[in-house]
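# Observations on the model geometry
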Amino acid sequence: MYANKEYSSSIMDNSGTIRIGDVNYDFPIMMGTESEGAIDLRTLRSKSGYIAFDEGYGNTGSCESSITFINGEKGILRHRGYPIEQLAERSSFLETAYLIMYGQLPNMVTLSAYKRNILSNATLDAKMYPLFEGFHKDSHPMAMLSAIVNSLCTYHSEYATNSRKLDLEHFDAASSILMSKARSIAAMSYRKKMGLPMMESDSNKSYAEDFLHMMFSKQGMPYEDTCGASKALDLFFLLHADHEQNCSTSTVRMVASSGANLFASISAGISALWGPSHGGANMAVIEMLEAIHASGDDGSGFIEAAKSGQAKLMGFGHRVYKNYDPRAKILGKSAVSVLEKIGVNDPLLDIARRLERAALEDDYFIKRKLYPNVDFYSGIILKAIGIPVDFFTVMFALGRIPGWMANWKEIAENPKSRIHRPRQIYIGENERNFIKLEKRK
Ligand code: CMC
């Protein structure tokens, strides 16, 4: 059972004042541990009758969290205080997952018990296999992942606990089941698509090795990792493990705030991740690079299309980073090393490099502070290790599961957390009388 330390922001002595008409309203000022300040507007409506309007939540703090810190201006990303660069160099995906969920680096005994729990949980309930058969043959693997992850709560109902009644032992069991079985679901979806029979997991392998084995091994022909694929995939998962209050994580928190169980909440996060503005961008980047390659353009045509608003340079720009995404720097280097090990010269990497250089020297991108994000180079690595393009976002989801679960746990552990329920500015019709059907034009 692993409980987290409690953190909270400090309330400053001075307050913030908002003047509406002739009236001043005072609100407390909160300060986080990295000196990020906020005006606590929770009583704005009851005091003044007004609400805060912030479409897209670009300026709204939806929670206090002690998991991940990002400074988008400086390009800083830290999990539980540890810089992403150090974790990428010295840690592994499972160790970082533990850190993200439980707040501390595990010691040797704890880490080995944690790994054992996850690695030994890969086998799906046999009653789940027909689920894969029920999907249309062209089903997107993200649809399958979201649906089948949700279904896990029916096969493990003893751990599908209401987030309002957190039992830490249940959380530990549910989170190990989810981490491990999401990987088996992803591999099984691929095999179903390829017409291949299921492949038993091998719990003696590492998390990434076993995933590649379940995806690609064939009867009598075990998958051979000749290019450091499992190491590259482990790094890919680690770099995606959490990223503060992004669209899918906020979705998980929103769903969890209603009391929904872990499996249902993570399934909702998977759906939110699917979109091309979020996790779906890693697929869109490769499609863009392939289209540029096929057209024979050097990329400048695409840059012009992005500047004129006809296209988006996929893998570029971020709501929070106004500097180079530190994950993109690490993945850019990893892409080169994977391709070198395979001995492949992927023209898409050259195109990506050219696009990056051109964009970073172009006024349009400089003015808007648009830099490569995590998705810009990740697809080149996934493609090199044989992951099909429509599974790229599934890989992102597998990596992000620890972050989603840590955020679910934060909601569940906070006795003060309330159901998330934003307000709106209604802009529809004023009251009008119902018109009988025969009298309508
Ligand atoms: N290519 C061209 N112009 C862009 C791009 C881009 N990739 N991203 C933003 N802009 C422009 C945008 O058109 C706007 O221009 P203007 O001021 O003239 O109207 C300006 O930059 C500000 O952009 P925004 O739309 O206000 O930015 P946002 O914070 O709402 O959106 C974003 C962030 C990531 C959705 C967006 O940058 C984007 O669509 N990028 C491409 C998709 C992508 O790579 N997504 C992955 C994000 S990182 C992984 C993750 O967290 O999921």
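Our subject is the structure listed above.
Attention in this report is confined to the structure presented alongside it. (Residues numbered from 1 in each chain as written. Predicted model: local features only at pLDDT ≥ 70, side-chain atom pairs only at ≥ 80, totals over all residues. Heavy atoms only, no water.)

Compared with an ideal rise of 1.5 Å per residue, which puts 14 residues at 20 Å, helix α15 (residues 347-360) spans 20 Å between its outermost C-alpha atoms and is within 8% of the ideal. Every buried residue of α15 is accounted for by Leu348, Leu349, Ile351, Ala352, Leu355, Glu356 and Ala359. Within α15, the buried residues cover an arc of 160 degrees as seen down the axis, which keeps them to one side. Those residues of α15 hidden inside the fold are in contact with α12 (281-295), α13 (300-307), α14 (326-342), α16 (363-367) and α17 (375-384). (Helix = DSSP H or I, 4+ residues; strand = E, 2+ residues; numbered from the N terminus. Expected span 1.5 Å × (residues − 1). Buried < 20%, exposed > 50% of the residue type's maximum accessible area, 1.4 Å probe, protein only. Arc of directions from axis to C-beta. Contact = heavy atoms within 4.5 Å.)

Take empty space enclosed by the protein next. The final tally for this structure, using the stated rule, is 3 cavities of 30 Å³ or more. A volume near 120 Å³ is recorded for the largest cavity. Counted by class, the lining of the largest cavity contains 8 nonpolar, 3 polar and 2 charged residues. (1 Å grid on protein atoms, 1.4 Å probe; cavity = no way out; pocket = protein on both sides within 12 Å on 5 of 7 lines; lining within 4 Å. Points joined across faces, edges and corners; volume = space filled by probe spheres on them. Nonpolar A, V, L, I, M, F, W, Y, C, P; charged D, E, K, R; others polar.)

Overall, antiparallel pairing links the 3 strands, which are arranged β1-β2-β3 in an open sheet. For this open sheet the edge positions go to β1 (10-20) and β3 (37-39), each flanked by a neighbour on one side alone. Direction aside, neighbouring strands of the sheet carry axes that sit 30 degrees apart on average. Pairing of strand β2 (residues 23-31) with β3, which is carried by 3 bridges, proceeds in the antiparallel orientation. The residue of β3 that forms the bridge with Ile29 is Ile39. (Pairing = 2+ DSSP bridges. Axes fitted to C-alpha atoms, helices over the stretch in contact; angles between N-to-C directions.)

On to the packing of aromatic side chains. Here a ring pair, both rings aromatic, is described through the centre-centre distance and the interplanar angle of the planes. For the structure on display, the rule yields 18 aromatic pairs. Considering the side-chain rings of Tyr324 and Tyr371, the 6.4 Å spacing of their centres and the 50 degrees angle between planes classify their relative orientation as tilted. Remark: Tyr371 occurs in the loop between α16 and α17 and Tyr324 occurs in the loop between α13 and α14; sequence separation between them is 47 residues. For Tyr324, a relative accessible area of 14% translates into the label buried. Residue Tyr371 is classed as partly exposed on the basis of its relative accessible area, which comes to 27%. (Phe/Tyr/Trp six-rings, centres within 6.5 Å; stacked < 30°, edge-to-face > 60°.)

Of all hydrophobic cores here, the largest spans 114 residues; its most connected members are Phe211, Leu233, Ile266, Leu289, Ile387 and Met395. Take this core: its biggest share by element is 13 residues, from helix α18 (residues 392-413). Two domains each donate at least three residues to this core, and these are domain 2 (100-234 + 245-274 + 391-413) and domain 3 (281-385). Once residues lying within four places of it in the same chain are set aside, the contact partners of Met395 are Phe211, Leu233, Phe236, Phe237, Leu382 and Ile387. (Core = buried A, V, L, I, M, F, W, Y, C linked by side-chain atoms within 4.5 Å. Domains from an automatic or database assignment.)

Gaps left between atoms are located by rolling a probe of water-molecule size over the structure's atoms. In this structure, the second largest pocket spans a volume of roughly 640 Å³. Together, 31 residues line the second largest pocket, and Ala88, Glu89, Lys231, Leu235 and Ile330 are the ones closest to its centre. Put simply, the parts of the chain that give the lining of the second largest pocket at least two residues each are α2 (84-90), α4 (108-119), α8 (207-216), α9 (229-239) and α14. Classifying every residue of the lining of the second largest pocket by side-chain character gives 13 nonpolar, 9 polar and 9 charged. When residues of the lining of the second largest pocket are sorted by domain, at least three fall in each of domain 2 (100-234 + 245-274 + 391-413) and domain 3 (281-385).

Here we take up the sheet that holds strand β5 (residues 76-79). Read from one edge to the other, the open sheet built from 3 strands follows the order β4-β5-β6, with strand pairing classed as antiparallel. Because the sheet does not close on itself, it has two edges, and the strands there are β4 (68-71) and β6 (82-83). One ladder, built from 4 bridges, connects β4 with β5; its direction is antiparallel. By the bridge assignment for β5, Ile70 is matched with Leu77.

We now examine the site of the ligand. In the vicinity of the ligand lie 19 residues, with His278, Leu313, Gly315, Arg319 and Asn373 positioned nearest. The backbone of Leu313 places a nitrogen or oxygen atom 2.7 Å from a nitrogen atom of the ligand. Expressed as a share of its isolated accessible area of 930 Å², the protein-covered part of the ligand is 71%. Residues of the shell around the ligand, tallied by class, amount to 8 nonpolar, 7 polar and 4 charged. (Near = heavy atom within 4 Å. Polar contact = N/O pair within 3.5 Å; in protein donor to acceptor, adjacent residues only side chain to side chain. Areas by Shrake-Rupley, 256 points an atom, 1.4 Å probe, with all protein chains shown as cover.)

Without other data, these values stay purely geometric and don't point to any function.
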